[in-house]
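Given next are the chains, with one letter for each unit.
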Amino acid sequence: MADNFLVSYPPSISQHDLDVLKGLAVDWSLAHGLVIRPPPDLGLPNTSVINAPVSLFPSPFPKKCFEKALALQPLFNDLFHKLAEDHEFIMETLGEVAKVDEFIKNLYKIYVKVYTEGAAQPFSLGIHRSDYMLHVSGFSELEILQVEFNTIAASFSSLSALAGEMHRYLLKATNYFDSLSTIKSDSLPQNDACTSVAKAIAKAHELYGSLNSVVLMLVQPRERNAFDQRWIEYDLLQNHNIHLIHKTLSDVYNEGILDPKTKSLYINGKEIAVTYLRAGYGPGDYTTDKGYFFAIKCPSVAYQLVGAKKVQQVLANPGVLERYISNPSDILKIRSCFAGLYPLDNSPKGEAALELALENPDQFVMKPQREGGGSNIYSKDIPSTLSHLSIPERSSYILMDLIKPPPMRNFLLRQGEIYEGEMISELGIYGIFIGSSKKREGNMDLRLLIHPY
């Protein structure tokens, strides 16, 4: 049975050996930058760091499912680039959502303006992450189902690579005290996401064509995940001789100067070649609007819009993938990773989905048009939420079948302490696409992040 897959994990280990592993993992993390800033409630200064949350043992994942996720990534990269280039699709898919969702409305207005006036920069850079969970149903084999496709601020490329290195160190240093014979060095896949993200940004910088220009990383104020971002900066400087500066959106508004003729953006006298957004994925980020400039965006506003959950739902409709993919085998591969996805508007399908959600809320999750899962609505909260929404408001959500992962336990290292318990893990596959409507410069997968919750 598939749900017995992880029944013996993690292995039995003595408290003494667990304490040794904890000490080694904490010290390795602090020594190698596998860290985050502490939460405010710890009362520590902003110059302090703590270890990034990480599993003490590597999280097991079926090789067949892992390889499938890798093979899917270039297909998704290409698909989402085509979606971002399809003005008609964006209008018909998100036009109605923009009427009731303020955040999508603001992005949509920017998109329409850019499309109408013509984009200043033809190239765009996509740094994506497709997230999956293992799913088991009855006596079926384990399969992967897509949770979401992230087109903006796909984080943890650096820290996930370091987490893999930490597991290799613990294996080499202790062999995990011979507690698990199945963990071998060649069973821990390489993760080159951090260096590949830097290479992609460097390629975009090259396409911009100004040797002395710099990369702008847009960040949130008081960013706790700053070190995941810093590793990209260090790689760009060390391996590509490209400088990267960190600014908030407010900083850009206050310090940026736009050349009215060339549309080039300058900050403190430095020309911006690439704008890499690690902010801007929620309503609270957009306190100002600077306008439009020539730098290559990561992502462009079109890329950000096609990452909306409504697009995820529409792609599952019959005939939609066929508009963009000619190979029937590729269509089947993509469709095989879709969970059930339904509209919540007043269409016949939407009304049927509403009835299902009210009758069996434990089988579904409601998703708004936001990045990440923090705004999702689950289980018993679904009926009460639906009861307070008008039909137009309801249509800004989608309904998705709840993915049911097999039970898995592990030891989680958080703030220097060990916690054992049942966890839900997501596999994230990073991907890169650089191109314009006329030219494609690159399409690749960048390996993985396994994120325990």
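Residues numbered from 1 in each chain as written. Predicted model: local features only at pLDDT ≥ 70, side-chain atom pairs only at ≥ 80, totals over all residues. Heavy atoms only, no water.

Quick word on the environment of Asp27
Among the structural elements, Asp27 can be located in helix α1 (residues 15–32). For the pair Asp27 and Asn51, spaced 24 residues apart in sequence, the C-alpha separation works out to 8.7 Å. (Helix = DSSP H or I, 4+ residues; strand = E, 2+ residues; numbered from the N terminus.)

Details of the packing of helix α6 (residues 193–208) against helix α7 (residues 226–240)
Here α6 crosses α7 at 65 degrees, and the two axes come no closer than 9 Å. The crossing of α6 and α7 is right-handed. Where α6 approaches α7, its residues Cys194, Thr195, Val197, Ala198, Lys199, Ile201 and Ala202 are matched on the opposing element by Trp231, Ile232, Asp235, Leu236 and His240. (Axes fitted to C-alpha atoms, helices over the stretch in contact; angles between N-to-C directions. Left-handed = near helix turned anticlockwise from the far one by under 90°. Contact = heavy atoms within 4.5 Å.)

So, the packing of aromatic side chains
Taken as a whole, this structure holds eleven aromatic pairs when the rule is applied. With a centroid separation of 6.5 Å and an interplanar angle of 25 degrees, the aromatic rings of Trp28 and Tyr169 are classed as stacked. Residue Trp28 is located in helix α1, and its partner Tyr169 is located in helix α5 (residues 157–174); the two are separated by 141 residues in the primary sequence. You can call Trp28 buried: its relative accessible area is 9%. Ring geometry for Phe76 and Phe80: centres 6.4 Å apart, planes at 45 degrees, overall tilted. (Phe/Tyr/Trp six-rings, centres within 6.5 Å; stacked < 30°, edge-to-face > 60°. Buried < 20%, exposed > 50% of the residue type's maximum accessible area, 1.4 Å probe, protein only.)

Observations concerning the nonpolar core
Phe76, Leu79, Leu83 and Leu315 are the most contacted members of the largest nonpolar core, which has 46 residues in total. Considering every element that reaches this core, the biggest residue donor is helix α2 (residues 63–84), with ten residues. The next biggest cluster of nonpolar side chains, apart from the first, holds 26 residues, and it includes Trp28, Leu34, Val54 and Ala163. (Core = buried A, V, L, I, M, F, W, Y, C linked by side-chain atoms within 4.5 Å.)

Observations concerning the pairing of strand β16 (residues 409–414)
Relative to β16, strand β3 (residues 54–55) runs antiparallel, the two sharing two bridges. Bridging across to β16, Val54 finds its partner in Leu413. Linking β16 back to strand β17 (residues 417–422) in an antiparallel pair, the connection comprises two residues, with Gln415 at a positive phi of about 50 degrees. (Pairing = 2+ DSSP bridges.)

Structural notes on the side chain of His135
If you trace the backbone, His135 turns up in strand β4 (residues 124–135). Owing to a relative accessible area of 11%, His135 belongs among the buried residues under this scheme. Within the structure, His135 has its side chain in polar contact with the backbone nitrogen of Lys404 (distance 2.9 Å). With residues up to four places along the chain from it excluded, the contact list for His135 reads Glu141, Leu142, Glu143, Leu145, Leu402, Ile403, Lys404 and Pro405. (Polar contact = N/O pair within 3.5 Å; in protein donor to acceptor, adjacent residues only side chain to side chain.)

Examining the packing of α5 against α7
At a closest axis distance of 7 Å, the pairing of α5 and α7 adopts a crossing angle of 90 degrees. In terms of their interaxial angle, α5 and α7 are classed as roughly perpendicular. Taken together, the residues of α7 that come into contact with α5 (itself represented by Ser157, Ser158, Leu159 and Leu162) are Asp228, Trp231 and Ile232. Residue classes in the contact of α5 with α7 are distributed as four nonpolar, two polar and one charged. (Parallel < 35°, antiparallel > 145°, perpendicular 65-115°, else oblique. Nonpolar A, V, L, I, M, F, W, Y, C, P; charged D, E, K, R; others polar.)

Description of the sheet that holds β3
The three strands are arranged β3-β16-β17 in an open sheet whose pairing can be described as antiparallel. The strands lining the two open edges of the sheet, one partner per strand, are β3 and β17. When β16 meets β17, the two strands line up antiparallel, connected through six bridges. Note on β17: the bridge partner recorded for Arg414 is Glu417. Most of the contacts of α1 go to β16, to which it runs at about 45 degrees, and overall it touches β16 and β17.

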